[in-house]
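Chain by chain, the residues run as shown.
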Amino acid sequence: MTSSVSTEPGTAELYHRVQQFYARQMQLLDDGAVAEWAATFTADGSFAANARPEPVVGRAAIEAGALAAARQLASEGIVRRHWLGMLSVEQLPGGRVRARCYALVISTPKGGQAGVHVSTVCEDVLVPDGGSFAVQERRVTRDDLS
Amino acid sequence: MTSSVSTEPGTAELYHRVQQFYARQMQLLDDGAVAEWAATFTADGSFAANARPEPVVGRAAIEAGALAAARQLASEGIVRRHWLGMLSVEQLPGGRVRARCYALVISTPKGGQAGVHVSTVCEDVLVPDGGSFAVQERRVTRDDLS
Amino acid sequence: MTSSVSTEPGTAELYHRVQQFYARQMQLLDDGAVAEWAATFTADGSFAANARPEPVVGRAAIEAGALAAARQLASEGIVRRHWLGMLSVEQLPGGRVRARCYALVISTPKGGQAGVHVSTVCEDVLVPDGGSFAVQERRVTRDDLS
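If you're wondering where the values come from, they're calculated on a predicted model, not measured in any experiment.

A. Just the nonpolar core, in detail. Grouped together as the largest cluster of nonpolar side chains are 112 residues, with contacts concentrated most on W37 of chain A together with W37 of chain B. In contact with W37 of chain A, not counting residues within four places along its chain, are Q25, M26, L28, L29, F47, I62 and A66 of chain A.

Have a look at this one:
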């Protein structure tokens, strides 16, 4: 019986490009480079989460929300690391990409014990942007919330 | 002195295909799509674990075991995420693949704190199946057990 | 506006080779194959960490330190797993590679609960070695320490 899990030939390059994009995107966020991280979203990009009643729409709003969060964490002496893994990628028309992955947030207080903060699933629509991508739509679903 | 870690040229495509297979396989399991996940094993596939005295043999038995586990977790309101990483891949004759990776299980109770459940090593023999793979042999070794 | 995250075309093969190198390197260390792990450093390689006042310099010293640590863990019945992820890779001249990734250490006592030990960032300069790489410089920065 044919497996229900299919892989599309010739997509190692795409898969690598998405992995590299996510690695640099999350390193920017976790290093506190919020403006540069926000620049990886399209100007009209949206960020929905089951932790919030409404999506955040537009790069400016996405940046403002992330900046407030980064300042709060810095004031509390907490370092966050966003781990993205178990990535599945689907090529859409026009160079767009649908990506689904697990996103695990690790939290470490200065002088304290590192641990898992939240476990989530991240679903993106990526569009071509220069030689890389930008996020047009992001949906993050936390496992602990309904 | 030559490093004892070798990489085989030209295997980026294989490595990507295995990573994508594992991502989709684990997403099926963690989403509760147990029949579809079981279909990623060969009909005569085996699943051995140091947590069990005997291997589970055959797709039907593998599916039944996973279904019972999925129902138990659902009744307890627990979401599991299987993270596979640190993958090393070796091409065997006939398109078969030996794969070894770390498998970390994250567990999140609804309304509760996500955390590490178990840390394991996963060793597979994969066979070609359609454009993808199926697991012929899986051995999962938990770090906490002898 | 062009995204600030760029990807270099044609580097899927390099990215894969580095991922496979790290997978095998960490599997050697975590399996207690310390001499083989140390052989993945150049003879004059260095290993700096914010957990130590001075870098460890030279393969012999790197091996000695890792052997002492491995023996201590074995005596305590603790299994460590080094997870490397969120990898970004940059090709340098002469086949050298700069790599930056997150390194999460999972710790499991025999008969006990697995959990996160430390969260770190790992920055390497890799040099070609046979068909693979060797680490010339490693810097590991723990998130909990200044």
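B. Quick peek at the packing of aromatic side chains. Here the structure, examined in full by the defined rule, presents 15 aromatic pairs over all chains. Ring centres of F21 of chain B and Y22 of chain B lie 5.8 Å apart, and the angle between their planes is 45°; on these two criteria the pair is classed as tilted. On the accessibility criterion, F21 of chain B (0% relative accessible area) is buried. Note on W37 of chain C and F41 of chain C: the rings are 5.0 Å apart at their centroids and 65° apart in plane angle, and the pair reads as edge-to-face. Taken as a pair, W37 of chain C and F41 of chain C share a single burial class, namely buried. The lysine or arginine in question, R52 of chain A, covers the ring of F47 of chain A, its NZ or CZ lying 5.2 Å from the ring centre. Over the face of the ring belonging to F47 of chain A we find R138 of chain A, whose NZ or CZ atom lies 6.0 Å from the ring centre.

C. Seen up close, the UniProt feature "domain: SnoaL-like" (unreviewed entry) in chain A. Per the UniProt record, "domain: SnoaL-like" (unreviewed entry) is annotated on residues 12–139 of chain A. End C-alpha atoms of residues 12–139 of chain A are separated by 24 Å, and the span's content is 33% helix alongside 48% strand.

D. Representation of the environment of R52 of chain C in the model. All names here are of chain C. Within the secondary structure, R52 sits in the loop between β1 (41–49) and β2 (56–57). Along the primary structure R52 and V116 are separated by 64 residues, whereas in three dimensions their C-alpha atoms are 20 Å apart. In terms of polar contacts, R52 uses its side chain to reach the backbone carbonyl oxygen of F47, at 3.5 Å.

E. Seen up close, the interface of chain C and chain A. Each side of the interface is counted separately: chain C has 35 residues, and chain A has 40 residues. Carbon and sulfur atoms supply 53% of the area that chain C and chain A bury against each other, a total of about 2900 Å² over both sides. Taken together, the links from chain C to chain A amount to two salt bridges. Of the charged contacts in the structure, one is a salt bridge between D143 of chain C and R81 of chain A, with a shortest N-O distance of 2.8 Å.

F. Spotlight on empty space enclosed by the protein. Scanning all chains against the criterion turns up three cavities of 30 Å³ or more. There is about 570 Å³ of room inside the largest cavity. Along the walls of the largest cavity sit 30 residues, with Q19 and L84 of chain A, Q19 of chain B together with Q19 and L84 of chain C positioned nearest its centre. Computed from the structure, the second largest cavity encloses a volume of approximately 70 Å³. In terms of lining residues, the second largest cavity is bounded by A12, Y15, H16 and Q19 of chain A, A12, Y15, H16 and Q19 of chain B together with A12, Y15, H16 and Q19 of chain C. If you list the elements that add at least two residues to the lining of the second largest cavity, you get α1 (12–30) of chain A, α1 (12–30) of chain B together with α1 (12–30) of chain C. Of the residues assigned to the lining of the second largest cavity, the class counts are six nonpolar, six polar and no charged.

G. Representation of α1 of chain A in the model. If you check α1 of chain A, its first and last C-alpha atoms are 27 Å apart, about what 19 residues at 1.5 Å a residue would give, namely 27 Å. Burial of α1 of chain A is extensive: 17 of the 19 residues sit out of reach of the surface.

H. The arrangement of the relation of the copies chain B and chain A in detail. By a simple turn and slide, chain B fits onto chain A: the slide is 0.0 Å along the axis, the RMSD is 0.0 Å, and the turn is 120°. This pairing of chains is accounted for by a three-fold axis. Relative to the rotation axis, the closest C-alpha in chain B is found at A12 of chain B, a distance of 3.8 Å. With a heterologous cut-off of 20% or less, the 12% of interface residues of chain B that recur at the interface of chain A puts this contact in the heterologous class.

I. How the structure looks around the packing of α1 of chain A against α1 of chain C. Running from N to C, α1 of chain A and α1 of chain C cross one another at 65°; their axes reach a closest spacing of 9 Å. In this view, α1 of chain A runs roughly perpendicular relative to α1 of chain C, as classed from their interaxial angle. Relative to α1 of chain C, α1 of chain A is oriented so that their crossing is left-handed. Packed against α1 of chain A, whose contacting residues are A12, E13, H16, Q19, Q20 and A23 of chain A, the element α1 of chain C presents A12, Y15 and Q19 of chain C at the interface. Looking at the contact of α1 of chain A with α1 of chain C residue by residue, the classes come out as four nonpolar, four polar and one charged.

J. Spotlight on the confidence of the model for chain A. Across chain A, the average pLDDT comes to 92, with 93% of residues at or above 70. Prediction confidence for the complex, expressed as pTM and ipTM, is 0.93 and 0.91 respectively.

K. The sheet that holds strand β3 (residues 78–91) of chain C, seen in detail. If you trace the six strands from one edge of the open sheet to the other, you get β2-β1-β6-β5-β4-β3 (chain C), paired in mixed fashion. This sheet does not close on itself; its edge strands, each paired only once, are β2 and β3 of chain C. Where β3 of chain C and strand β4 (residues 97–109) of chain C come together, 12 bridges link them in antiparallel fashion. Paired with V79 of chain C across the strands is T108 of chain C, a residue of β4 of chain C. Across the sheet, α1 of chain A lies against β3 and β4 of chain C, angled at about 105° from β3 of chain C, the strand it touches most. Sheet contacts for α1 of chain C: β1, β3, β4, β5 (115–129) and β6 (132–142) of chain C; angle to β3 of chain C, the most-contacted strand, approximately 160°.

Thresholds applied
Residues numbered from 1 in each chain as written. Chains lettered and ligands numbered in written order. Predicted model: local features only at pLDDT ≥ 70, side-chain atom pairs only at ≥ 80, totals over all residues. Heavy atoms only, no water. Core = buried A, V, L, I, M, F, W, Y, C linked by side-chain atoms within 4.5 Å. Buried < 20%, exposed > 50% of the residue type's maximum accessible area, 1.4 Å probe, protein only. Contact = heavy atoms within 4.5 Å. Phe/Tyr/Trp six-rings, centres within 6.5 Å; stacked < 30°, edge-to-face > 60°. Lys NZ or Arg CZ within 6 Å of the ring centre and 35° of its normal. UniProt positions renumbered as here; feature names shortened; annotations may be inferred. Helix = DSSP H or I, 4+ residues; strand = E, 2+ residues; numbered from the N terminus. Polar contact = N/O pair within 3.5 Å; in protein donor to acceptor, adjacent residues only side chain to side chain. Buried area = accessible area lost by both parts, 1.4 Å probe. Salt bridge = Lys/Arg side-chain N within 4 Å of Asp/Glu carboxyl O. 1 Å grid on protein atoms, 1.4 Å probe; cavity = no way out; pocket = protein on both sides within 12 Å on 5 of 7 lines; lining within 4 Å. Points joined across faces, edges and corners; volume = space filled by probe spheres on them. Nonpolar A, V, L, I, M, F, W, Y, C, P; charged D, E, K, R; others polar. Expected span 1.5 Å × (residues − 1). Least-squares fit on C-alpha atoms with pLDDT ≥ 70 in both. Axes fitted to C-alpha atoms, helices over the stretch in contact; angles between N-to-C directions. Parallel < 35°, antiparallel > 145°, perpendicular 65-115°, else oblique. Left-handed = near helix turned anticlockwise from the far one by under 90°. pLDDT = per-residue confidence, 0-100. Pairing = 2+ DSSP bridges.

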